[in-house]
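Remarks on the overall topology
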Amino acid sequence: MASGMRLLIVIVLAFPFAASSAATLTGRTVRVTDGDTIVILSDGNVQHKIRLQGIDAPERGQAYGAKSKQHLSEQVAGRFVVVETDKRDRYGRVIGKVLVGGEDVCLEQIIAGLAWHYKKYQNEQTVSDRQQYDEAEEEAREAKRGLWQDPHAIPPWEYRAAKRK
C-alpha cells in the first residue's frame, strides 16, 4: 500500500495538470512562436510553452503562417494571459485556452481566418467552446477572411504529414 501511495504522489507531482480537471496558469507573454504557440513567464520567472487549445494555425512555411503569428502577437505580446489547462502534449507543452482580459485568444485566431478549428481534438473542449469554434470557422470561411481567401487552403496537419513523407 505504501508503494502505491508513493507512486500516486510521484504522478501528481510530475503531472500537475492531471491531478485536477482544470488548472489555471497565469503569466506575461514573452514570445510568440507561431500562430498557435506562445511562451509565458509565470511567477518565479518560470517559462511555460503554451499550445493554444482547439486550433491549428498555418505553419511558418505555409501561406498565412506569418500573418497568423503576427495576429497572435498583436493580441498577446507582452500582455498578461490566463491559461485554462488540464493537459500537456507529447512535447511537454501546456495545452490550454488562452485568455487576455477575459477574451478567448484561440477563438480570435479562428474569427480572423488565421487558424482552423482543430476538430481532431474537439472532444477535449467544452460543448460551448466546440460550438463557438465551429461557428466562427464557418463564418470566416463564408466571409473569405484570412486563409479562407484561398479556396484550396491546406490544413496544417496535412501540410505536416506531406513534409514528413
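So, how was this worked out
- Residues numbered from 1 in each chain as written.
- Predicted model: local features only at pLDDT ≥ 70, side-chain atom pairs only at ≥ 80, totals over all residues.
- Heavy atoms only, no water.
- Helix = DSSP H or I, 4+ residues; strand = E, 2+ residues; numbered from the N terminus.
- Buried < 20%, exposed > 50% of the residue type's maximum accessible area, 1.4 Å probe, protein only.
- Contact = heavy atoms within 4.5 Å.
- Areas by Shrake-Rupley, 256 points an atom, 1.4 Å probe, with all protein chains shown as cover.
- 1 Å grid on protein atoms, 1.4 Å probe; cavity = no way out; pocket = protein on both sides within 12 Å on 5 of 7 lines; lining within 4 Å.
- Points joined across faces, edges and corners; volume = space filled by probe spheres on them.
- Polar contact = N/O pair within 3.5 Å; in protein donor to acceptor, adjacent residues only side chain to side chain.
- Pairing = 2+ DSSP bridges.
- Phe/Tyr/Trp six-rings, centres within 6.5 Å; stacked < 30°, edge-to-face > 60°.

Scanning the protein from terminus to terminus reveals 5 helices and 8 strands. The buried share of the protein, reckoned over its 165 residues, is 41%. Relative to all contacts within the protein whose residues are 6 or more apart in sequence, the contacts with residues 24 or more apart total 59%. Here the protein has roughly 9,600 Å² of accessible surface; of this, 53% comes from carbon and sulfur atoms.

Looking now at the layout of surface pockets. Taken as a whole, the largest pocket holds about 650 Å³ of empty space. What lines the largest pocket is a set of 26 residues, among which Arg51, Tyr91, Arg93, Tyr118 and Arg160 lie closest to the centre. Counting only elements with at least two residues in the lining of the largest pocket, the list comes to strand S1 (23–34), strand S3 (46–52), strand S4 (55–56) and helix H5 (156–164). In this structure, the second largest pocket encloses a volume near 160 Å³. Around the second largest pocket, the lining comprises 13 residues; the ones closest to its centre are Gln53, Glu84, Asp86, Glu124 and Thr126. For the lining of the second largest pocket, the elements supplying multiple residues, two or more each, are strand S5 (80–88) and strand S6 (94–100).

Let's shift gears to the side chain of Thr85. As for its position among the elements, Thr85 is in strand S5. Reaching out from Thr85, the side chain makes a polar contact with the backbone oxygen of Ile95 at a distance of 2.6 Å.

This paragraph deals with the pairing of S5. Pairing of S1 with S5 involves 6 bridges; the strand directions are antiparallel. When the sheet's bridge partners are listed, Thr24 is paired in S5 with Glu84. If you look at the hairpin formed by S5 and S6, you'll find 5 residues sitting between the two strands, and Gly92 has a positive phi there, around 85°.

In this section: the packing of aromatic side chains. Under the definition given, this model contains 4 aromatic pairs. Note on Trp116 and Trp148: the rings are 5.4 Å apart at their centroids and 65° apart in plane angle, and the pair reads as edge-to-face. Of this pair, Trp116 sits in strand S8 (residues 116–117) while Trp148 sits in the loop between helix H4 (127–143) and H5, and the two are 32 residues apart along the sequence. Given a relative accessible area of 4%, Trp116 falls into the buried group. A network of ring pairs unites the aromatic residues Trp116, Tyr118, Tyr121, Trp148 and Trp157 as a single cluster.

Take it as geometry only, folks, not as evidence of what the structure does.
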